[in-house]
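Coordinates in review
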Amino acid sequence: EDQTSWLDASTAMIRCADPNCGVVAPDSLLREAMKRGEYDALLAMRSNALIRSQPTLSYCPNAACVSLVCTTRPGDDQPRCFEAACGACGERWCPSCGEEPHWPATCAECRVFKSRHGDGDRPMQMPSEGIKPCPN
């Protein structure tokens, strides 16, 4: 039978195959009944589901790094755009949108800026009519 039907993807818990039961299989039984790689994959799914459910936790976006980063600053009671940094590899990003850091601009402001001016891969063209360049 298809074991994936027993898996609740939101919690990565394996339940009894009987449709009238629904009891969650204990880890001790799963560890004995599953192959090592399958059980490790189940634990990884559970871990990923937990991390996705916590807005203050994220994996470092650097593909070569596997660090978990807590992106909460003490005293923060609401999500804000700020720069998060991985202590292992030094990667920096905005934990709200996952893009490059753009503080003090909000994620929405950054999207609007990029839509109007490009993503920074090419130099911006200064409008020349009636606008003087910044002296600094």
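Since this is a predicted model, take the numbers as computed values, not measurements.

Analysis parameters
- Along each chain, the written sequence defines residue order, and numbers are assigned to residues from 1.
- Side-chain atom pairs in this predicted model are given and counted only at pLDDT of 80 or more, local residue features only at pLDDT of at least 70, and totals for whole chains, interfaces and linings cover all residues.
- Side-chain calculation: all heavy atoms of the structure are included, whereas hydrogens and water are not.
- A helix here means a DSSP run of H or I that spans at least four residues, while a strand means a run of E at least two residues long, and both kinds are numbered starting from the N terminus.
- Exposure classes here rest on a 1.4 Å probe applied to the protein chains alone. A residue is buried below 20% of its type maximum, exposed above 50%, and partly exposed in between.
- Two residues qualify as a contact provided that any one of their heavy atoms is within 4.5 Å of a heavy atom in the partner residue.
- Any cysteine sulfur atom paired with another within 2.5 Å is treated as part of a disulfide.
- One less than the residue count of a helix, multiplied by 1.5 Å, gives the span that helix is expected to have.
- Confidence of the prediction at every residue is given by pLDDT, a number between 0 and 100.

**A word on the overall build of the protein chain**
Looking only at helices and strands, the protein chain features three helices and six strands. Along its sequence from the N terminus, the protein chain presents helices and strands in the succession β-β-α-α-β-β-β-β-α. Taking all 136 residues of the protein chain together, 19% fall into the buried category. Restricting the contact set of the protein chain to residue pairs at least 6 apart, pairs at least 24 apart contribute 21%.

**Quick look at the side chain of serine 67**
You can see serine 67 is positioned in the loop between strand 3 (57–59) and strand 4 (68–70). Looking at serine 67, the relative accessible area reads 19%, which means it is buried. If we skip the residues at most four places from it in the chain, serine 67 touches Ser58, Tyr59, Cys60, Cys86 and Ala88.

**Focus on the state of the cysteines**
Using the criterion set out here, one finds zero disulfides in the structure. You can see cysteine 86 has no disulfide; the closest cysteine sulfur is in cysteine 65, sitting 3.7 Å from it. On the basis of relative accessibility, which here comes to 5%, the residue cysteine 86 falls in the buried class. Cysteine 89 forms no disulfide, and the closest cysteine sulfur to it belongs to cysteine 60, at a distance of 3.5 Å. On the basis of relative accessible area, cysteine 89 is assigned to the partly exposed category, the value being 33%.

**Concerning unusual backbone geometry**
The omega torsion of the bond from tryptophan 103 to proline 104 falls at 15°, within 30 degrees of zero and hence cis. Structurally, proline 104 can be placed in the loop between strand 6 (92–93) and helix 3 (107–117).

**Observations regarding the environment of glycine 22**
When you line up the elements, glycine 22 lands in the loop between strand 2 (13–14) and helix 1 (27–33). In contact with glycine 22, not counting residues within four places along its chain, are Arg15 and Cys16.

**A look at helix 2 (residues 36–53)**
With 18 residues, helix 2 should cover 26 Å at 1.5 Å per step; its first-to-last C-alpha distance of 26 Å lies within 8% of that length. Of all the positions in helix 2, only Tyr39, Leu42, Arg46, Ala49 and Ile51 are classed as buried.

**What to know about the confidence of the model for the protein chain**
Looking at the protein chain, the pLDDT average stands at 78 and 74% of residues meet or exceed 70. Averaged pLDDT values for the elements of the protein chain fall to 44 in strand 1 (residues 7–8) and rise to 92 in strand 6. Within the model, the stretch residues 1–10 combines pLDDT values under 50 with 13 contacts to residues more than four positions away or in other chains.

**Re the side chain of serine 58**
Within the secondary structure, serine 58 sits in strand 3. When sequence neighbours within four positions are dropped, the list of residues in contact with serine 58 reads Ile51, Ser67, Leu68, Val69, Thr71 and Trp93.

**Some words on the environment of leucine 68**
Residue position: leucine 68 is located in strand 4. Here the alpha-carbon distance between leucine 68 and serine 58, two residues ten residues apart in the chain, equals 5.8 Å. Setting aside its immediate chain neighbours within four residues, leucine 68 contacts Ile51, Leu57, Ser58 and Tyr59.

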